[in-house]
Each structure stands twice: as structure tokens, then as C-alpha cells.
There are 2 protein chains.
Amino acid sequence: MKIYRGNIVYSLSIKELVELSRGYIAVNDGKVVGTYQNLPEEYKDLEIIDYGECLIIPSFTDLHVHAPQYPNRGIAMDLLLSDWLNEYTFKLEAKYKDQEFARKVYAAFVDDLIKHGTMHASIFATIHNEATDILVDCLEEKGIPSFVGKVNMDKDSPSFLVETTEESLKDTERFLKKHQGNKYAKPILTPRFAPTCSFELLKKLGELADKYDVGTQTHIVESLWEKEEAKKCFEGCRCDMQIYKDAGLLKHKPFIAAHFIYPSEEDIALLKECDGYAVTCPDATTNVIAGIMQTGKLMDLGMNLAIGSDISAGSYMGIYRQVASAVRLSKIKNLYENDNRVITAKEAFYVATKGPGSLFGKVGSFEEGYDFDALIIDGLQDDFRNISPAELMERFCYSGDVSNIKKRFLRGKEIGC
Amino acid sequence: MKIYRGNIVYSLSIKELVELSRGYIAVNDGKVVGTYQNLPEEYKDLEIIDYGECLIIPSFTDLHVHAPQYPNRGIAMDLLLSDWLNEYTFKLEAKYKDQEFARKVYAAFVDDLIKHGTMHASIFATIHNEATDILVDCLEEKGIPSFVGKVNMDKDSPSFLVETTEESLKDTERFLKKHQGNKYAKPILTPRFAPTCSFELLKKLGELADKYDVGTQTHIVESLWEKEEAKKCFEGCRCDMQIYKDAGLLKHKPFIAAHFIYPSEEDIALLKECDGYAVTCPDATTNVIAGIMQTGKLMDLGMNLAIGSDISAGSYMGIYRQVASAVRLSKIKNLYENDNRVITAKEAFYVATKGPGSLFGKVGSFEEGYDFDALIIDGLQDDFRNISPAELMERFCYSGDVSNIKKRFLRGKEIGC
């Protein structure tokens, strides 16, 4: 049993945030036993690891990130989407046929993820078999609870980054078989997005979903172009989500819908029906000028939301900074389109921690029985005013840096990076 | 004479960026003698201070920041403007009648400014005499070239944060007299904004501008509310800039127009005529949902632009992060209003360095004769791809942190913080 002390903040629900000023967390065998404003009598003789005025928060979940795009982070960000894809992204992804390259990048990517306090993630790899195995191994080795997908793309893709339908299915089944028993890094189906997948491919992926009981991650109505293109590509298609439903891909959890910027009422109904997650990637969708998710509206409809760094359309690994950006973008969307409501920092924090954490077990909160996946945040306090733990959390998201993360815990153990 | 080596990036103009991969900078007596791809023969025997693959860039200029709001950075960011002003900002500013409080905050503020690589700034203080002197002293002591303003507000302000017209003028003249001979931190007139200043006050400030040859900083068309309110407050007023022209405040340089989000054609013409600066504060104007400046359009009209952190409507001290945000916001504005063009990272970098640097002497570039005000940036290189110095600069702005700033030089001397 270990007792940690500091300014503790965690979510109970999207509306309820717990904050304990100089409170205590009891941790046993990597799991939270309880949090207390006053230390219970029975723990009085235990050693207290006291982090003073530091903030103690759950580590973050990144529900949409492209690991292979890591070498392009923060580059070519002033391009528009098509140039960015064709000149930078696709060319880089093609390089992952080289396993040495993959090994080097993926090891650095996983370290940087941990460095920025992200300890649960849903990750796109590339179409490549061996490279994707390497990414899974890196995550498994570090013990990061995650979903990883070998990407499927069998049409309308560059000649150097495309598979036949047959290859794509064979490689995907191999990938599912190989990793289905993994402890931490689990496989997920990852059709890139509707325009680069034939319906035959999607339908057969649906059969694999049944056979191996795996979920799906993809990009859903991420841009106006994609939304229209999907309708053109699939005969009789009314909306993006319907394609995945028709392919049988909504039956197994999780269904992770990255971006979800331009959903129809039917898209929303279908995502809700399958208990799926809409993932907002604030910096990414403004960097490549796709648009802004109606976060407030979707929350009010009771949808599951999450946040993604979306490297390298997104440019910063830390999800905390995206918490701030999500609040900002909800304001901008409200200003220009009046079809959203402004979300709060408290709501955005839940969406970055406990909300999507539930996909990875009991993670993302400090309630009893939750994994002690935690960050110790320092350097943001001052004595100019009384600052509450919740305000300190907000300041970390808005004004903080990776250098403010002093320690990281994964299942109760300190983890380096 | 000192020779520094690394990946060098600096602006010549808004369209021209110099990048030298593993190039050299010769510095003598704190000033740049020249930059070279190959070291000239005559310097061959000098010691070379080699920063390897580090990036070497000019330090940044923050042309709009409220030093007294520093204790509120990153707090209450999900509020809307009026609540944020009334519940947080005005109450905090009122505390600067306490000189001890001012001393503590302003020392920390100046250190944090330097820590984030900002070495030239135009700064709002509060209405308070002594506290504003303390801020000037802190900047003068560190040698930060800056403009500092004692704020004027004689109407429509909270009862605990307002002056009479007479007091305001008397204190302002005292402030100008006391600091007019300063070496680094120079006084500037700082009427808060049109709605909190009587025309009598502004006109008499215009007389002080003539008497002491000082410029003015204020908020111009910063929100739709402010734009309309200004017209209501001043009889016969067509636009914000006209008020300042009528008051005689456009005759002395610089004229610094923070935000400038909703200018009329006349506002634009008047700002151009007086060679003034339009300061975009990307995070701030989205945090408090004011709107987005037409950066691209104003650039194309040949206007002077600059960037402000606008702490604490803005939440992050580092101007580099605002470079990224300015590019992003130009894209969002283009998406929603189609009344702007997308700006490039290169343009935004100029606007954060050489552009407004010219207000403080020869700073913000590494051309011959410029002060060697420089930042050494590390930790963003990798060997996954060839990355050019300009790309490294972009990555610092988008993906970097204060922890990437390894060293800071001010007029050739390393400066701690």
C-alpha cells in the first residue's frame, strides 16, 4: 500500500470533477484504493509520498493518432489537405516497408507518447505487415493499453501505398490472429476511410470482425470532400456510418469514429446505437482545415466523445493541450455557425481521461479499483492567488508544457521515457 | 568576435526567409557581423561555439501583453468575455495598488517572458502609478527593449478600478517624465480602449503625445461589442481609429492596435497612414471568443502585423506557439468567412520577429548590424528524414515547448531566467 499526497483532480462523470486540495490517494498493487481529504486512521502509520503543491491527475487517452506520421510532426502545416497528403503523408507512410525505419520511428513514438503523459491510445499504423507488428511490440513491451490497426486501403490510393483486396484481407487476418491474445496492445480493424476501401473489402472485414470479435477505427465524415466522396463510391449510400453498418462493422466494440465533423442525423444515430466514440482532434482539423466538430451538441445528445492528437495532421503529442484547443474550437464554432454550445474545461478533461479510458479497462480516473495511471504536474503553482486544484489542471492544459510533467505512473509503477 | 554554428533561420522580409544548414554567425560586441554557409577565411582561427544540429533563431517580440494579468494565466478560460473581465480580470488588476504584490508578480512575469524566448515587448500595466514604475524597473534591470503603459480608464469601469480624468492625466504625465530617458523600457500612452476613456481624456493624452513624443497602444475593434460601443460613446464617430486620430494620438510612433478584428475600410486606412501595427493574439481572441483577424488580407494590403500573447486572455507566454495558432486561425477564417487568405508559417514567423522588432531598434533578424538576440533550440531534430532549418523552425512553433529553448542571448550575452 502506498499513499500519495498532492492536489488531486479526476472526473467522476462529464459533469462531476473531484478536486482535493493537498489530498491523499491510497494505491495497492497498482490500483487505487481510495482518495481522501483527510487520511483515514488505518493509514496513519504508512509512509506518505508527498508531492507538495503538485497536481496529481490521471494520465491521458489519445483515441486517434497515426504513429507512422510521427517523423512529419510539426512540418508542412501551412499546406492544405490534398498537398499535405500527397507531398508528405503518403510518401512517408510508404517508407514503412522498411522494418529498420519502422523500428526506429515506432520506438521513439511510443517514448514520446509516454513522455507527454498519454498512456492509452488507439493507433493507426500503415498497410505494412511487419512494421505494424513492430509497433505492437513496442507498445506491448512498455505495457501501454492500446488498440493498433494495420491500415486497409485497396483503391483510389497512390500506387506506392495500396494493396489488393485479397492481400489486405490476408494480412489483416494474420495480424488479428497473431495479436489477439496480447495483454496490452490489441488489434483493431482499420480501414483508412471509405474512399480508399472497396465495399468488398469492408464486407469481408465485417466477417473478420465477427470471427475475431474486434472493433473498428476509421475516419468518419472528416471533411466535406470525404463525406461526398463516400456517397459517390458506395451505391445507394446515404451516409458514412451506413457504409460501415452495411459492412457489418458496427457489431463489435469499440467503433472509433475519428473527426466526425459533418455527420448527418443518421450518422449520429448509428454511432450512438453502436456505442461508438466520436474523436475530436482540434489542432489537426484546423491545421488541415477540415472543420470543427460539434462537441457541445454531441455531448448533449449523450454521445461518447474522445480527443485525438492525430499526429501528424495534429502537431503536438500532448492531449492536455488538445483539451484547451477543444474548448477554444467549441467557442469558434459557436461564433461562426451557432450550431454548437461552448464546452467547459471540465467536460474536455473528462473526454481526455475517464470517458475514453473505459475502452481500456478501469483507467482515466482515481475512483476505487482504477489503475493508478497518473501524472505528477509541477511548476505551475504560484502564490499570487489561491488556485484550486481544478484551476491548476486547467492551467496545465492551457499554459503547460511537457516539462511540467515531473513523474508518470502506469499501473502504480513509475515509468520513464 | 564570436562565431556560433548551427541550423540558422531568420527573416529578411515577410516573403524571404534565410536558412543555413550548419551555418555560421559572427557576432561582435553583441551585434551580428554576418551569417555564412562557409566560414570566411579571416575567421578560421577563431573559436567556434558549435551548437550541432540545434536551431538558432532570433528571439521573439510580443506586441500585446498585460503583465498584471499574469497570475490568471490559464484560468477561467472557458468563460465568455464579460464574465472573464468582471469576475477575474478587473478584480485582479485592482490588486496592483499593493506594491509588494506588484513586485512579486512583475519579477516573475519578466522572468517567464525571457524563459519563453520573448525579448522585446509592448506591455499594458494597470492604472496604478507605483506598480507601473515597478514593472518598468524590472524590464530596465533585465535590459528588455520594451514599451510599457500606465493604463488610462476614467469611465464605464468598475468602481474599484477607475480614475478621474484629472488623476489619469496627472499620473500619466508623471510616468512619461520619469521614464522618458530610460535605456530599454520606454513609456507609451495606454488608454485601455475607447469605451473606458472620455474624449476629454483622449484629447489631453494627445497633447501629452505631442509634448513627450510618445506613441500609443490600445485595443482597436477587438470585438463586435467594442466596435459598436465606441461609436455610441463618441458623438459623430465613424470608427475606432477615427477617435484616436481626432484625439491627436496617431501622430507619434508607434501606434499599436491590439486585435484589430473588425476594422472598417477607414480603420484600415488610418492605421496604414500612421504606419501602425495590427497585433493578432490568436489564442486570446478565441479563448474569449472575440473573433479572428484577417491576417492574410491585411498583409496583402501592406499593413504592419505583429503577434501578441495577450496574457491572460491568451494563456501561453511563448510567441512561437502563437505563430502556429496564427496560421491555423487564418485557415479557419478562410473556411468560415472566405474573407481572408491562408498565411504561411514563414509569414507568421516574420510577424513574430523582424516585423515588429523594428520598433525596438535593429532586432528580430540576423542581418548585419542586428542585435544578437537569439534562441538556441534543441530536442526537435531526429534522423528519420532530412529536415531543413526552416522545417525545424516550423516544428518548434507547432510541436515545441519551452523546454526546447536551451539558451537565450540578449545583445550577445547569454541571459538566464
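Report follows, based on the coordinates. Keep in mind that this is a model prediction, so the values were computed, not measured.

**A few points about the overall build of chain A**
At step 1: Helix and strand counts for chain A come out as 14 helices and 17 strands.
At step 2: What you see for chain A is a C-alpha radius of gyration of 21 Å, in line with the 22 Å of a compact globule of 417 residues.
At step 3: On the principal axes, the C-alpha backbone points of chain A span a range of 65 × 45 × 40 Å.
At step 4: Taking all 417 residues of chain A together, 67% fall into the buried category.
At step 5: Once local pairs closer than 6 in sequence are excluded, the contacts in chain A between residues at least 24 apart make up 74%.
At step 6: Total accessible area on chain A is roughly 14100 Å²; 47% of this is exposed by carbon and sulfur atoms.
At step 7: Each charge sign in chain A was given a centre, from 50 positive and 63 negative side chains, and these centres are 1 Å apart.

**Some points on the relation of the copies chain B and chain A**
In summary, the two copies of the chain are related to each other by a rotation about an axis coupled with a shift along it.
At step 1: The two copies are related by a screw motion: chain B maps onto chain A through a turn of 180 degrees and a shift of 0.0 Å along the axis, at an RMSD of 0.0 Å. Expressed as a symmetry operation, the mapping of one chain copy onto the other fits a two-fold axis.
At step 2: Taken as a fraction of all interface residues of chain B, those also at the interface in chain A reach 100%, which identifies the copy contact as same-surface.

**Some details on the packing of helix α3 (residues 129-142) of chain B against helix α4 (residues 165-179) of chain B**
All names here are of chain B.
At step 1: Contact geometry for α3 and α4: axes closest at 11 Å, N-to-C directions at 25 degrees. In terms of orientation, α3 and α4 fall into the roughly parallel class. Seen from above, α3 lies across α4 with right-handed handedness. Together, Asn-129, Thr-132, Asp-133, Val-136 and Asp-137 of α3 and Asp-171, Arg-174, Phe-175, Lys-178 and His-179 of α4 make up the contact between the two elements.
At step 2: Partitioned by chemical class, the residues of the contact of α3 with α4 number 2 nonpolar, 3 polar and 5 charged.

**Description of helix α6 (residues 224-233) of chain B**
At step 1: Within α6(B), the full set of buried residues consists of B:Glu226, B:Lys227, B:Glu229 and B:Ala230.
At step 2: Structurally, α6(B) contributes buried residues whose contacts are with β11 (216-220) and α7 (240-246) of chain B.

**Thoughts on the interface of chain B and chain A**
At step 1: Each side of the interface is counted separately: chain B has 56 residues, and chain A has 56 residues.
At step 2: Taken over both partners, the interface formed by chain B and chain A buries close to 4600 Å², and the fraction arising from carbon and sulfur atoms is 53%.
At step 3: Of all residues in chain B, B:Lys331, B:Tyr336 and B:Phe384 give up the largest surface area on contact with chain A, accounting jointly for 17% of the area buried on that side.
At step 4: Counting across the interface, chain B meets chain A through 6 salt bridges.
At step 5: Linking A:Arg321 and B:Asp401 is a salt bridge whose minimum nitrogen-to-oxygen distance equals 3.0 Å.
At step 6: Taken together, the links from chain B to chain A amount to 40 residue pairs in polar contact (both at pLDDT 80 or more).
At step 7: Counting residues per element, the ones that place at least two in the side of chain B that touches chain A are α2 (99-115), α9 (282-287), α11 (319-337), α12 (345-352) and α14 (389-399) of chain B.
At step 8: Counting residues per element, the side of chain B that touches chain A draws most heavily on α11(B), which supplies 10 residues.
At step 9: Residues of the side of chain B that touches chain A, tallied by class, amount to 27 nonpolar, 11 polar and 18 charged.

**Describing the nonpolar core**
At step 1: If you look at the biggest cluster of nonpolar residues, it comprises 242 residues, and the most contacted ones within it are A:Tyr106, A:Phe260, B:Tyr106 and B:Phe260.
At step 2: Leave out the neighbours within four places in its chain, and A:Tyr106 touches A:Ala67, A:Pro68, A:Tyr96, A:Ala125, A:Thr126, A:Ala131, A:Ile134, A:Leu135 and A:Cys138.

**Details of the layout of surface pockets**
At step 1: Put simply, the largest pocket is a space of about 630 Å³.
At step 2: If you trace the largest pocket, you find 33 residues lining it, with A:Leu81, A:Leu85, A:Phe193, A:Glu222 and A:Trp225 closest to the centre.
At step 3: Contributions of two or more residues to the lining of the largest pocket are made by β5 (60-66), α1 (81-94), α6 (224-233) and α9 (282-287) of chain A.
At step 4: Considering each element in turn, the lining of the largest pocket owes the most residues, 6 residues, to α1(A).
At step 5: For the lining of the largest pocket, a count of residues per class yields 17 nonpolar, 11 polar and 5 charged.
At step 6: In this structure, the second largest pocket spans a volume of roughly 480 Å³.
At step 7: Lining the second largest pocket we find 28 residues, and of these B:Leu81, B:Leu85, B:Phe90, B:Phe193 and B:Glu222 sit closest to its centre.
At step 8: Residue assignment for the lining of the second largest pocket shows that the elements contributing at least two residues are β5 (60-66), α1 (81-94), α6 and α9 of chain B.
At step 9: A total of 6 residues in the lining of the second largest pocket trace back to one element, the largest contributor, which is α1(B).
At step 10: Considered class by class, the residues forming the lining of the second largest pocket number 12 nonpolar, 11 polar and 5 charged.

**Overview of the pattern of salt bridges**
At step 1: The full count for this structure, using the stated rule, is 60 salt bridges over all chains.
At step 2: Put simply, A:Lys31 and A:Asp371 hold a salt bridge, and the shortest N to O gap is 2.8 Å. Residue A:Lys31 is found in strand β3 (residues 31-36), and its partner A:Asp371 is found in the loop between α13 (354-357) and β15 (374-377); the two are separated by 340 residues along the sequence.
At step 3: Overall, A:Lys31 belongs to the partly exposed group, its relative accessible area being 40%.
At step 4: Of the charged contacts, one joins B:Asp210 and B:Lys251 as a salt bridge, the two residues approaching to 3.0 Å between their closest N and O atoms. Placement of B:Asp210 in helix α5 (residues 199-212) and of B:Lys251 in the loop between α7 and β12 (255-259) is noted, with a sequence separation of 41 residues between them.

**A word on unusual backbone geometry**
At step 1: Cis peptide bonds are those with omega within 30 degrees of zero, and the linkage from A:Ile311 to A:Ser312 qualifies with 0 degrees.
At step 2: As for its position among the elements, A:Ser312 is in the loop between β14 (304-307) and α11 (319-337).
At step 3: Looking along the chain, the bond that leaves B:Lys253 and enters B:Pro254 is cis, with omega of -5 degrees.
At step 4: Residue placement: B:Pro254 occurs in the loop between α7 and β12.
At step 5: Residue A:His259 is not a glycine yet carries a positive backbone phi of 80 degrees.
At step 6: Along the chain, A:His259 falls in strand β12 (residues 255-259).
At step 7: Assessed through its relative accessible area of 4%, A:His259 is described here as buried.

**A look at the pairing of strand β7 (residues 146-149) of chain B**
Residues and elements named next belong to chain B.
At step 1: Covered by surrounding structure in β7 are Ser-146 and Val-148 together with Phe-147 and Gly-149, the residues of both alternating faces.
At step 2: Relative to β7, strand β6 (residues 118-124) runs parallel, the two being bridged by 4 bridges. Its bridge partner being in β7, Ser-122 is matched across the sheet by Phe-147.
At step 3: Each parallel crossover has a hand, and for β6 linked through α3 to β7 it is right-handed.
At step 4: Sheet analysis places β7 next to strand β9 (residues 185-187), joined by 3 bridges and oriented parallel. Pairing of Val-148 across the sheet is with Pro-187, part of β9.

**Comments concerning the sheet that holds strand β6 (residues 118-124) of chain A**
Residues and elements named next belong to chain A.
At step 1: Strand order in the open sheet formed by 4 strands is β5-β6-β7-β9, with parallel pairing between adjacent strands. What marks the edges here is a single partner per strand, and that holds for β5 and β9 (185-187). Averaged over neighbouring strand pairs, the angle between their axes works out to 30 degrees when direction is ignored.
At step 2: Across 5 bridges, the pairing between β5 and β6 is parallel.

Rules of the game
- Residues numbered from 1 in each chain as written.
- Chains lettered and ligands numbered in written order.
- Predicted model: local features only at pLDDT ≥ 70, side-chain atom pairs only at ≥ 80, totals over all residues.
- Heavy atoms only, no water.
- Helix = DSSP H or I, 4+ residues; strand = E, 2+ residues; numbered from the N terminus.
- Rg over C-alpha atoms; globule rule 2.2 N^0.38 Å.
- Buried < 20%, exposed > 50% of the residue type's maximum accessible area, 1.4 Å probe, protein only.
- Contact = heavy atoms within 4.5 Å.
- Areas by Shrake-Rupley, 256 points an atom, 1.4 Å probe, with all protein chains shown as cover.
- Lys, Arg positive; Asp, Glu negative; His and termini not counted.
- Charge placed at Lys NZ, Arg CZ, Asp CG, Glu CD.
- Least-squares fit on C-alpha atoms with pLDDT ≥ 70 in both.
- Axes fitted to C-alpha atoms, helices over the stretch in contact; angles between N-to-C directions.
- Parallel < 35°, antiparallel > 145°, perpendicular 65-115°, else oblique.
- Left-handed = near helix turned anticlockwise from the far one by under 90°.
- Nonpolar A, V, L, I, M, F, W, Y, C, P; charged D, E, K, R; others polar.
- Buried area = accessible area lost by both parts, 1.4 Å probe.
- Salt bridge = Lys/Arg side-chain N within 4 Å of Asp/Glu carboxyl O.
- Polar contact = N/O pair within 3.5 Å; in protein donor to acceptor, adjacent residues only side chain to side chain.
- Core = buried A, V, L, I, M, F, W, Y, C linked by side-chain atoms within 4.5 Å.
- 1 Å grid on protein atoms, 1.4 Å probe; cavity = no way out; pocket = protein on both sides within 12 Å on 5 of 7 lines; lining within 4 Å.
- Points joined across faces, edges and corners; volume = space filled by probe spheres on them.
- Pairing = 2+ DSSP bridges.
- Right-handed = clockwise from strand over helix to strand, strands pointing away.

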